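# Observations on chain architecture
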Amino acid sequence: MRVKKLFLGLVLLCALTTACSNANPSKDMGELYSLALDAYMPIDEGLNGGMKYIAIDMSNLNDIDETDKKQILKYFEKYNVDVMEATYEQLKEKGLYDPKTMVLNGVLLRVEKTEISNNKMVIEGSKYRAGDGAIGTKVIIEYKNGKWQVSKADGTWIS
């Protein structure tokens, strides 16, 4: 009988510590990349002036599927401009680049590097408008108080 109570107590203790732990919060990659890329937007807001679209280069996004891509694109509709998945080359092919001024008609958001741990995600990338109108970015997202949130977003270089 004592062994049974001890076993039951251990099972209960294990269940409680696992349920209360933030050791492995779920990672909705669409949400995480949306938060990170959105944190680029207020950095050097001058690049956003008169933008006709937001293009997101998703070629370096880790562990995403088509549902995540749609989620990210939908998230950016709040800016009331066209939102698309495209690389720089694709934007030029679509005529969304002014060859006279050598400037995009919108902004291109890119991810260069992603580091993910249990409770933290660090993304380095860029917001691009032109060769002399671009910034490097570093965004840190952390799992705090039961949700993912941007804890830091900074420019790392400017052209």
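Residues numbered from 1 in each chain as written. Predicted model: local features only at pLDDT ≥ 70, side-chain atom pairs only at ≥ 80, totals over all residues. Heavy atoms only, no water.

### Examining the overall build of the protein
A count of helices and strands for the protein gives 4 helices and 7 strands. Along the chain direction, N to C, the helices and strands of the protein fall in the order α-α-β-α-β-α-β-β-β-β-β. When the 159 residues of the protein are sorted by exposure, 39% land in the buried category. Summarising the internal contacts of the protein: among those between residues at least 6 apart in sequence, 58% fall at separations of at least 24. Accessible surface computed for the protein: about 9,500 Å², of which carbon and sulfur atoms make up 53%. (Helix = DSSP H or I, 4+ residues; strand = E, 2+ residues; numbered from the N terminus. Buried < 20%, exposed > 50% of the residue type's maximum accessible area, 1.4 Å probe, protein only. Contact = heavy atoms within 4.5 Å. Areas by Shrake-Rupley, 256 points an atom, 1.4 Å probe, with all protein chains shown as cover.)

### Section: the pattern of salt bridges
Here the structure, examined in full by the defined rule, presents 7 salt bridges. Between Asp-38 and Lys-78 there is a salt bridge, with the nearest N and O atoms lying 2.8 Å from each other. Note that Asp-38 is positioned in helix α2 (residues 29–40) and Lys-78 in the loop between α3 (66–75) and β2 (82–85), a separation of 40 residues in sequence. Judged by relative accessible area, which is 47%, Lys-78 ranks as partly exposed. As a salt-bridge pair, Glu-77 and Lys-74 come within 3.6 Å of each other at their nearest N and O atoms. Owing to a relative accessible area of 44%, Glu-77 belongs among the partly exposed residues under this scheme. Given the relative accessible area of 55%, Lys-74 is considered exposed. (Salt bridge = Lys/Arg side-chain N within 4 Å of Asp/Glu carboxyl O.)

### Here's the deal with the side chain of Asn-48
Among the structural elements, Asn-48 can be located in the loop between α2 and β1 (53–57). At 2.9 Å, the side chain of Asn-48 and the backbone oxygen of Met-41 are in polar contact. Beyond its immediate sequence surroundings of up to four residues, Asn-48 is in contact with Met-41, Val-107, Lys-127 and Arg-129. (Polar contact = N/O pair within 3.5 Å; in protein donor to acceptor, adjacent residues only side chain to side chain.)

### Looking at the confidence of the model for the protein
Counting all residues, the mean pLDDT for the protein is 88, and 85% of those residues have values of 70 or more. Scored below 50 in pLDDT, residues 3–22 makes 2 contacts in the model with residues more than four places away or belonging to other chains. (pLDDT = per-residue confidence, 0-100.)

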